[in-house]
Structures are given as C-alpha cells and as structure tokens.
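Coordinates in review
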Amino acid sequence: MTGKLCVVLSALLVACGLSHVNAQYQSRHLLIDLDRAQQLSRQLDIDWAQLQLDQSTLGKHERIEAIARRDLSMTPLTASRTQYLTEGE
C-alpha cells in the first residue's frame, strides 16, 4: 500500500511540476507580448502627434495663400476685379 501511495504522489508531484513550468512559460510569452504591445502603443502615439503637427502646419492660411500665389499664380481679389451680376427682367 505504501508503494502505491508513493507512486501516486510521485506522479502528482511530476504533474504539478510540469504544470508550474508550463505556467511560467506562458507567463513569459504573455509578458513579451505585453512589452511589444506597449512599444507599438508608444510608437503609434508618436506617429499620431507627428500627424497632428503636420496637419496644423499644412492647414495654415499663410501656407495655403503662399502656395496659391506661387504654384497657381493666383492673386487676391480686389474691388476693381469684382463683377456683379444682376437679374435681368
């Protein structure tokens, strides 16, 4: 009876040990995945901040006006160049 009990307890001990090793292995992999996700989150935050800065820079009135004058040869509207249309009868 004592021999059978030792075999059962030994098998139980081995099973517990293997379970513990498996839990540690999964824990390490989850920690690595968490670290990668945090790094990606930081990079996405940096990219988002850069995109917001680019958007604010590209949308400034002065920049749009300068591009319109330089690339499209546009000039500001003056009263002498304004044409008014009236409804004819």
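Note: the structure precedes this text.
Residues numbered from 1 in each chain as written. Predicted model: local features only at pLDDT ≥ 70, side-chain atom pairs only at ≥ 80, totals over all residues. Heavy atoms only, no water.

1. Digging into unusual backbone geometry
Peptide bonds are, in most cases, trans, and in most cases residues other than glycine have a negative phi. One non-glycine residue, Ser73, lies in the positive phi region at around 55°. With respect to the secondary-structure elements, Ser73 resides in the segment after helix 2 (61-72). (Helix = DSSP H or I, 4+ residues; strand = E, 2+ residues; numbered from the N terminus.)

2. Section: helix 2
In this model, helix 2 (twelve residues) spans 15 Å end to end at C-alpha, consistent with the 16 Å of a helix rising 1.5 Å per residue. Two residues or fewer after helix 2 comes Ser73, characterised by a positive phi angle close to 55°. (Expected span 1.5 Å × (residues − 1).)

3. Thoughts on the pattern of salt bridges
What the rule picks out here adds up to two salt bridges. When the shortest N-O distance is used, the salt bridge between Arg69 and Glu65 registers 2.9 Å. Of this pair, Arg69 and Glu65 both sit in helix 2, four residues apart, which is roughly one turn of the helix. Overall, Arg69 belongs to the partly exposed group, its relative accessible area being 42%. Ionic pairing is found between Asp71 and Arg70, a salt bridge with its closest N-O pair at 3.0 Å. With relative accessibility at 49%, the residue Asp71 sits in the partly exposed group. (Salt bridge = Lys/Arg side-chain N within 4 Å of Asp/Glu carboxyl O. Buried < 20%, exposed > 50% of the residue type's maximum accessible area, 1.4 Å probe, protein only.)

4. Some thoughts on a nonpolar patch on the surface
A cluster of nonpolar side chains, contributed by Leu5, Leu9 and Leu12, occupies part of the molecular surface with about 300 Å² of accessible area. If you trace the backbone, Leu9 turns up in helix 1 (residues 2-58). (Patch = residues over 30% accessible without salt bridge, like charges linked within 9 Å, V, L, I, M, F, W, Y side chains within 5 Å. Areas by Shrake-Rupley, 256 points an atom, 1.4 Å probe, with all protein chains shown as cover.)

Everything listed here is a matter of coordinates, which is why it stays silent on function.
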